[in-house]
Amino acid sequence: MKRTRFGSRDRISRDAAELQRLATGLSESGGKLEDRFWEDQLAELVDSLLKNGTEDDINTALDRLFEANPRAHDELADMVESRAESNQVEVQGQI
């Protein structure tokens, strides 16, 4: 008899989980040096996801953080907004 797997609905991608981890680290950091560490890593991942068009991972992380950790949600939302506004778009090899 075939078993139904309900647990797979709760799984998220590796990138979405990493976004959650980095945003949580940033929200819990205790100083400017530590802030910079988390911000650099988070910015790099957000840039990569935006460049590759995988906004679903960003939305998933934001949705999960909204209830679980509002400060981390705000940090991630601010980072995504700032990186989306400052990224340059390349079309046919030209910026």
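The notes below deal with the structure included here. (Residues numbered from 1 in each chain as written. Predicted model: local features only at pLDDT ≥ 70, side-chain atom pairs only at ≥ 80, totals over all residues. Heavy atoms only, no water.)

### Quick notes on helix α2 (residues 32–52)
Taking 1.5 Å of rise per residue, 21 residues should cover 30 Å, and α2 covers 30 Å from first to last C-alpha, within 8% of that figure. Residues W38, L42, A43, L45, V46, D47 and L49 constitute the buried set of α2. Contacts made by the buried residues of α2 are with α1 (14–27), α3 (55–68) and α4 (70–86). One or two residues past the end of α2 sits G53, with phi positive at roughly 75 degrees. (Helix = DSSP H or I, 4+ residues; strand = E, 2+ residues; numbered from the N terminus. Expected span 1.5 Å × (residues − 1). Buried < 20%, exposed > 50% of the residue type's maximum accessible area, 1.4 Å probe, protein only. Contact = heavy atoms within 4.5 Å.)

### Brief notes about the side chain of S27
Residue placement: S27 occurs in helix α1. A distance of 2.8 Å separates a polar atom in the side chain of S27 from the backbone oxygen of T24. If sequence neighbours within four positions are ignored, S27 has contacts with N69, R71, A72 and E75. (Polar contact = N/O pair within 3.5 Å; in protein donor to acceptor, adjacent residues only side chain to side chain.)

### Structural notes on the environment of S29
Within the secondary structure, S29 is located in the loop between α1 and α2. Once you skip the residues sitting within four places of it in the chain, S29 turns out to touch E34, D35 and W38.

### Considerations on the packing of α1 against α4
Taken N-terminus to C-terminus, the directions of α1 and α4 make an angle of 105 degrees; their axes are 8 Å apart at the nearest point. Our classification of the angle between α1 and α4 gives roughly perpendicular. Residues L19, A23, T24, L26 and S27 of α1 form the contact with α4, whose own contacting residues are R71, A72, E75 and L76. When the residues that make up the contact of α1 with α4 are grouped by side-chain class, the tally is five nonpolar, two polar and two charged. (Axes fitted to C-alpha atoms, helices over the stretch in contact; angles between N-to-C directions. Parallel < 35°, antiparallel > 145°, perpendicular 65-115°, else oblique. Nonpolar A, V, L, I, M, F, W, Y, C, P; charged D, E, K, R; others polar.)

### Section: the nonpolar core
Ranked by size, the top nonpolar core spans 18 residues in total, and within it L19, L42, V46, I58 and L76 carry the most contacts. For this core, the secondary-structure elements that each account for two or more residues are α1, α2, α3 and α4. In terms of residues, this core owes the most to one element, α2, which gives six residues. Among all residues touching L42, those that are not within four sequence positions of it are L19, L22, A23, L26, L76 and M79. (Core = buried A, V, L, I, M, F, W, Y, C linked by side-chain atoms within 4.5 Å.)

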